[in-house]
Amino acid sequence: MPYLAKILLYPVKSLDGVEVDNARVLTSGALQHDREFAIFDKHDRFVNGKRHAKIHLLRAQFALLNRTILLHIPGGDSQQIFHLDEERQALEASLSDFFEFGVTLRQNSLMGFPDDTHSPGPTIISRGTLVEVASWFPGLTVDEIRRRMRANIEIDGVPAFWEDRLFSEQGDLVSFRVGDVDFFGVNPCQRCIVPTRDSYLGKAYPNFQKIFVTQRQVTLPNWIASSPFNHFYRLSVNTQLSPSSAGKILQIGNEIDLFP
């Protein structure tokens, strides 16, 4: 039986995640606290892993209930703790010093700052998939692949690529339930440059994308809906929330039901 094995939230877009036992689903479909904050430059562009590999060097720990971030900036003093609401200017100043240009930290408590604003629900992957993908890259662990892919929900009790059942031919949504929360699977997530890099150091893995695309194509299940794959650099599934499930709670151990 497929079940919810891990929930990961990323309170500040592109920084480290935090593992939780449960998470509330917002009306938008996003998980509460996930990508609630994002770093922007003076041109209103995201300061993220796509544009700035240096961001991988930052280490962050979050106390969600206390609304604090413990930040370690390499080359700087010891770890610094900031309240995300009351000490935001001080946090922005430390980040600006690190990046060597001015940044601001913005908040969206309704939807966060997802990459796909049309499908802002939690991204889903199975542990079997992470294990399989890690086997394609000598020297990379399952946890490192998990950190690179940055999915919110991890499913276990299923084989690799089981989550590819959660999308269909283009335009068709797939209904599924996690506990008592109803979602729609939309499409396989298009990956960016971030998974090609070491999640701690930002150093690129040689030919990562080429290896990934080759292996993803040859391991694609024969039952899969092929039309969403205009290319094979896709992994995990984007989702939308059924409006009736707004405000409900996802909990570790929830069973997952796929509806015909």
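Look above for the structure.
All figures in this text were calculated on a predicted structure; none of them were measured in a lab.

Participant: It is not clear to me how the nonpolar core should be interpreted in this structure. Could you clarify?
Facilitator: In summary, soluble globular proteins display a tendency toward joint burial of nonpolar side chains. Among the nonpolar cores identified, the biggest contains 28 residues, and Ile-7, Phe-183 and Leu-250 are the most heavily contacted of them. Within the residue set of this core, elements represented by two or more residues are β1 (3–9), β2 (18–20), β10 (153–156), β11 (174–178), β12 (181–190) and β13 (234–241). For this core, the leading source of residues is β1, giving three residues. Setting aside its immediate chain neighbours within four residues, Phe-183 contacts Val-25, Pro-122, Val-174, Ser-175, Phe-176, Val-178, Thr-239, Gln-240, Leu-241, Ser-242 and Leu-250.

Participant: How should I be thinking about the sheet that holds strand β5 (residues 59–63) in this particular structure?
Facilitator: Strand pairs in the sheet, formed through backbone hydrogen bonds, run parallel or antiparallel to each other. With antiparallel pairing, three strands are arranged side by side in an open sheet as β5-β6-β7. This sheet does not close on itself; its edge strands, each paired only once, are β5 and β7 (80–83). Within the sheet, the average angular offset between the axes of one strand and its neighbour, ignoring direction, is 25°. Of the strand pairs in this sheet, β5 and strand β6 (residues 68–72) are connected by five bridges, and their pairing is antiparallel. Bridge pairing links Ala-63 to Thr-68 in β6. Across the sheet, helix α1 (residues 88–99) is in contact with β6 and β7; its angle to β7 comes to roughly 140°.

Participant: Would you mind going over the layout of surface pockets with me for this structure?
Facilitator: It is a probe the size of a water molecule, rolled over the atoms, that shows where empty space is left. Its boundaries defined by the atoms lining it, the second largest pocket holds a volume of some 200 Å³. Taken together, Leu-9, Val-20, Asn-22, Ala-23, Arg-24, Gln-32, His-33, Ala-63, Leu-64, Leu-65 and Ile-249 make up the lining of the second largest pocket. With three residues, the single largest contributor to the lining of the second largest pocket is strand β3 (residues 22–24). Its residues assigned to classes, the lining of the second largest pocket shows seven nonpolar, three polar and one charged.

How each quantity is defined
- Residues numbered from 1 in each chain as written.
- Predicted model: local features only at pLDDT ≥ 70, side-chain atom pairs only at ≥ 80, totals over all residues.
- Heavy atoms only, no water.
- Core = buried A, V, L, I, M, F, W, Y, C linked by side-chain atoms within 4.5 Å.
- Buried < 20%, exposed > 50% of the residue type's maximum accessible area, 1.4 Å probe, protein only.
- Helix = DSSP H or I, 4+ residues; strand = E, 2+ residues; numbered from the N terminus.
- Contact = heavy atoms within 4.5 Å.
- Pairing = 2+ DSSP bridges.
- Axes fitted to C-alpha atoms, helices over the stretch in contact; angles between N-to-C directions.
- 1 Å grid on protein atoms, 1.4 Å probe; cavity = no way out; pocket = protein on both sides within 12 Å on 5 of 7 lines; lining within 4 Å.
- Points joined across faces, edges and corners; volume = space filled by probe spheres on them.
- Nonpolar A, V, L, I, M, F, W, Y, C, P; charged D, E, K, R; others polar.

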